[in-house]
Amino acid sequence: MFAVGVALAIARPALAAGDDVADGHRYFVRYCASCHGTDGLGDGPVAKSLATPPANLRMLGDKYGMPLPAHRIAELIDGRDTARAHGSHEMPVWGEKLYEMGQGERGEYGIGEVIGKIIAYLDTIQDRRTAMR
């Protein structure tokens, strides 16, 4: 069910793409930047206190290909159905957190749409010089 929600959230008209990226950036800053840094490099203010360094999210394309596979990245962010894919228990299970918050910042989005917007933003910050195509 979750995958369907993400697929629907990602497969939006091109006109909404800019809004999705802007919204995704706002969600990223709110939920991800403390560990991954405002630029996604893994250098957020909390990073030094973690036993496992946060991933450089600008390099996801190297690992997963381009465009980023939305379903796979969504599973990593959500975390509810993933066996700690980040390799540690330090990565929050954002699916639980977002669901508890009323499925979005103000309850206006489903969890798949929020994560879909974060993925839309992540796709724009990939290091295109090294990412597989």
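Residues numbered from 1 in each chain as written. Predicted model: local features only at pLDDT ≥ 70, side-chain atom pairs only at ≥ 80, totals over all residues. Heavy atoms only, no water.

Draft legend 1. View of the overall build of the protein chain. Per the secondary structure count, the protein chain includes 7 helices and 0 strands. Element order for the protein chain, N to C, with α for helix and β for strand: α-α-α-α-α-α-α. Out of the 133 residues belonging to the protein chain, those deemed buried represent 42%. Only carbon and sulfur atoms are counted for the fraction: they give 57% of the accessible area of the protein chain, which is about 7,400 Å². (Helix = DSSP H or I, 4+ residues; strand = E, 2+ residues; numbered from the N terminus. Buried < 20%, exposed > 50% of the residue type's maximum accessible area, 1.4 Å probe, protein only. Areas by Shrake-Rupley, 256 points an atom, 1.4 Å probe, with all protein chains shown as cover.)

Draft legend 2. Examining the state of the cysteines more closely. This model, assessed by the stated rule, comprises 0 disulfides. Free of any disulfide, Cys 32 has its nearest neighbouring cysteine sulfur in Cys 35, separated by 8.8 Å. (Disulfide = S-S within 2.5 Å.)

Draft legend 3. The arrangement of the pattern of salt bridges in detail. What the rule picks out here adds up to 5 salt bridges. A salt bridge links Asp 20 to Lys 117; the shortest N-O distance between them is 3.7 Å. Here Asp 20, found in helix α2 (residues 14-31), pairs with Lys 117, found in helix α7 (residues 111-124); they are 97 residues apart in sequence, far enough to count as distant. Across this residue pair, the class does not change: Asp 20 and Lys 117 are buried. Notably, a salt bridge pairs Glu 113 with Lys 117, separated by 4.0 Å at the nearest N-O pair. On the criterion of helical spacing, the pair formed by Glu 113 and Lys 117 is a turn pair, its members being 4 residues apart in helix α7. A single network of salt bridges, built from pairs that share partners, joins Asp 20, Asp 23, Arg 26, Glu 113 and Lys 117. (Salt bridge = Lys/Arg side-chain N within 4 Å of Asp/Glu carboxyl O.)

Draft legend 4. Representation of the confidence of the model for the protein chain. Mean pLDDT over the protein chain: 79, with 69% of residues reaching 70 or higher. Of all secondary-structure elements in the protein chain, the lowest mean pLDDT belongs to helix α1 (residues 2-10), at 47, while helix α3 (residues 33-36) reaches the highest, 96. Here residues 6-15 is modelled with pLDDT under 50, and outside its nearest four sequence neighbours on either side it reaches 11 contacts, counting other chains as well. (pLDDT = per-residue confidence, 0-100. Contact = heavy atoms within 4.5 Å.)

Draft legend 5. Looking closely at the packing of aromatic side chains. A full pass over the atoms with the stated rule returns 3 aromatic pairs. Centre to centre, the rings of Tyr 27 and Tyr 31 are 6.2 Å apart; their planes meet at 15°, and the pair counts as stacked. Of this pair, Tyr 27 and Tyr 31 are both found in helix α2, 4 residues apart, which corresponds to roughly one turn of the helix. Note on accessibility: Tyr 27 and Tyr 31 belong to one class, buried. (Phe/Tyr/Trp six-rings, centres within 6.5 Å; stacked < 30°, edge-to-face > 60°.)

Draft legend 6. Here's a closer look at the packing of helix α5 (residues 70-78) against α7. The interhelical angle for the contact between α5 and α7, taken along N-to-C directions, is 115°, at an axis separation of 10 Å. Considering their axes alone, α5 and α7 lie roughly perpendicular with respect to each other. In this structure, the crossing between α5 and α7 has a hand that is right-handed. Of the residues in α7, those touching α5 at Ala 70, Ile 73, Ala 74, Ile 77 and Asp 78 are Ile 111, Ile 115, Ile 118, Ile 119 and Leu 122. (Axes fitted to C-alpha atoms, helices over the stretch in contact; angles between N-to-C directions. Parallel < 35°, antiparallel > 145°, perpendicular 65-115°, else oblique. Left-handed = near helix turned anticlockwise from the far one by under 90°.)

Draft legend 7. Spatial organisation of α7. Between the first and last C-alpha of α7 there are 21 Å, a value that for 14 residues agrees with the 20 Å anticipated at 1.5 Å per step. Burial analysis of α7 places 11 of its 14 residues in the buried class, which makes it a mostly covered element. Within α7, burial applies to Ile 111, Gly 112, Glu 113, Val 114, Ile 115, Gly 116, Lys 117, Ile 118, Ile 119, Tyr 121 and Leu 122. (Expected span 1.5 Å × (residues − 1).)

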